[in-house]
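# Residue-level structure breakdown
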Amino acid sequence: MKYNYKRTDIKLYELAEVCRKNYNIEPELYKQHNVKRGLRDENGKGVIAGLTDISEIVSYATENGIEVPCKGELYYRGVDVKQLIKGFIDEDRHGFEEIIYLLIFGELPNKQDLGDFNNLLTDYRKLPKHFVRDVIMNFTSSDMMNSLAKSVLALYSEDKHPDDTSLENVLRQSLELISLFPLLCVYSYQVYNYDKRDSNLIIHQPRPDISHAENLLHILRTDNKYTALEARVLDTALILHAEHGGGNNSTVTTHVVTSSGTDTYSAIAAALGSLKGPKHGGANIKVVQMFEHMKTQISDYSDDEEIKSYLLKLLNKETFDKSGLIYGMGHAVYS
């Protein structure tokens, strides 16, 4: 048995070399046929992947006919997100639910509309019976995106109308997924800790009287406790992370997959698969690893030349993971 494993292993390496030899397209052909290799062209400028009026990122200003970088601005349906967040802070309330309403429906809700919308999200914040036991606790994954994709696909089987792509049904499915994602995330995390780290398994139920952000903290903490500041920071983070209308990898994936007429669960699972990649959402993990590596390579963080030398090594694929990337520097990828 041991010999067969080694023989298979060696054969796979040999076949991999055959792939490398026979699957190579000359880079010049992309220029010759004007083929875009990703969401940025060869000069690093973004390419048009679609049209949206949901969100807008302003990262350049025009000075004397020339585009120059500026302090970033983010707009949701034409409204500056800084103004929105300031309003939530001034009124001492959480705003993620209101932002979801704005992004989906294109207008800010009045008090009655927002109350009804929150009640709807609360009603949807319930997993099917035995879902945690039968789905989340089986086939534990060390990656959150993998766990979420598995759970999302399993929810297809629990839906009485999974393939109905009418606007009303897709809206219902989407709102259910928005409501359930904190539960899917936290329960997957708790099960992983129980299964792989020998921690106690504690599953808390969400509360109907607190916000989306507060519920995430409530079910995450063993004692259900969290500070007002923690809830405020998380609510703000959720608001900012809701920006996915500008054409990044997972958004384009959703755009492509839904164009085939497939169901909501398949489309979201595909987007999660895209988000998992280290050049997209998975870059969060890579950033942490990069900083840990940086600690071993840089002795003086006040030395600009030493830092510059390290960054150049990253770009030249001479250190860390040989990718040539500085992780955490933007969305557009795969060029």
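Preceding this paragraph is the structure being described.
A brief structural summary.

Conventions and cut-offs
- Residues numbered from 1 in each chain as written.
- Predicted model: local features only at pLDDT ≥ 70, side-chain atom pairs only at ≥ 80, totals over all residues.
- Heavy atoms only, no water.
- 1 Å grid on protein atoms, 1.4 Å probe; cavity = no way out; pocket = protein on both sides within 12 Å on 5 of 7 lines; lining within 4 Å.
- Points joined across faces, edges and corners; volume = space filled by probe spheres on them.
- Nonpolar A, V, L, I, M, F, W, Y, C, P; charged D, E, K, R; others polar.
- Helix = DSSP H or I, 4+ residues; strand = E, 2+ residues; numbered from the N terminus.
- Buried < 20%, exposed > 50% of the residue type's maximum accessible area, 1.4 Å probe, protein only.
- Polar contact = N/O pair within 3.5 Å; in protein donor to acceptor, adjacent residues only side chain to side chain.
- Contact = heavy atoms within 4.5 Å.
- Axes fitted to C-alpha atoms, helices over the stretch in contact; angles between N-to-C directions.
- Parallel < 35°, antiparallel > 145°, perpendicular 65-115°, else oblique.
- Left-handed = near helix turned anticlockwise from the far one by under 90°.
- Pairing = 2+ DSSP bridges.
- Core = buried A, V, L, I, M, F, W, Y, C linked by side-chain atoms within 4.5 Å.
- Phe/Tyr/Trp six-rings, centres within 6.5 Å; stacked < 30°, edge-to-face > 60°.

This part covers the layout of surface pockets. One number sums up the size of the second largest pocket: a volume of about 310 Å³. Lining the second largest pocket we find eleven residues, and of these Tyr30, Val35, Arg37, Asp41 and Glu42 sit closest to its centre. Residue classes in the lining of the second largest pocket are distributed as three nonpolar, two polar and six charged.

Position of Ser211 among the secondary structure elements: in the loop between helix H8 (167-196) and helix H9 (212-220). Judged by relative accessible area, Ser211 falls into the buried class, the value being 11%. In terms of polar contacts, Ser211 uses its side chain to reach the side chain of His94, at 2.8 Å. In contact with Ser211, not counting residues within four places along its chain, are His94 and Glu97.

The interhelical angle for the contact between H9 and helix H10 (residues 228-241), taken along N-to-C directions, is 120°, at an axis separation of 8 Å. One way to sum up the angle between H9 and H10 is to call them oblique. Like other packed secondary-structure pairs, H9 and H10 cross with a definite hand, here right-handed. Each of His212, Ala213, Glu214, Leu216 and Leu217 in H9 lies in contact with H10, whose residues at this interface are Glu230, Ala231, Leu234, Asp235 and Leu238.

Attention now moves to the sheet that holds strand S2 (residues 66-76). Ordered in space as S1-S2-S3, the three strands form an open sheet in which the pairing is antiparallel. Of all the strands in the sheet, just strand S1 (55-63) and strand S3 (79-80) have a single pairing partner and so form its edges. Of the pairings in the sheet, the one linking S2 to S3 comprises two bridges and is antiparallel in character. Residue pairing for S3: Tyr75 is matched across the bridge by Asp80.

On to the nonpolar core, then. By size, the foremost hydrophobic cluster in this structure holds 45 residues, and its most contacted members are Tyr76, Leu127, Phe131, Leu155, Tyr187 and Ile239. Considering every element that reaches this core, the biggest residue donor is H8, with eight residues. Setting aside its immediate chain neighbours within four residues, Tyr76 contacts Ile54, Ser55, Val81, Leu84, Ile99, Leu102, Leu103, Ile239, Leu240, Ala242 and Glu243.

Let us now look at the packing of aromatic side chains. Applying the stated criterion to the full structure yields five aromatic pairs. Measuring from ring centre to ring centre gives 5.3 Å for Tyr101 and Phe117, while their planes differ by 85°; the resulting arrangement is edge-to-face. Here the residue Tyr101 occupies a position in helix H4 (residues 96-105), and Phe117 occupies one in helix H5 (residues 111-124), the gap between them amounting to 16 residues. On the accessibility criterion, Tyr101 (11% relative accessible area) is buried. The exposure class of Phe117 is buried, given its relative accessible area of 5%. Plain terms: the ring middles of Phe105 and Phe117 are 6.0 Å apart, the flat faces sit at 85° to each other, and that makes the pair edge-to-face. Here Phe117 lies in helix H5 and Phe105 lies in helix H4, a separation of twelve residues in the sequence. A residue is classified by how much of its surface remains accessible, and Phe105, at 34% relative accessible area, is partly exposed.

A full pass over the atoms with the stated rule returns one cavity of 30 Å³ or more. If you add up the space inside the largest cavity, you get close to 30 Å³. In this structure, the largest cavity is lined by Ile136, Thr140, Ser141, Ser147, Lys150 and Ser188. When the residues that make up the lining of the largest cavity are grouped by side-chain class, the tally is one nonpolar, four polar and one charged.

Within the secondary structure layout, Ile202 lies in the loop between H8 and H9. You can call Ile202 partly exposed: its relative accessible area is 30%. Spatially, the C-alpha atoms of Ile202 and Ser259 are 40 Å apart, while their sequence positions differ by 57 residues. Once residues within four sequence positions are removed from consideration, Ile202 is found in contact with Gln190 and Thr222.

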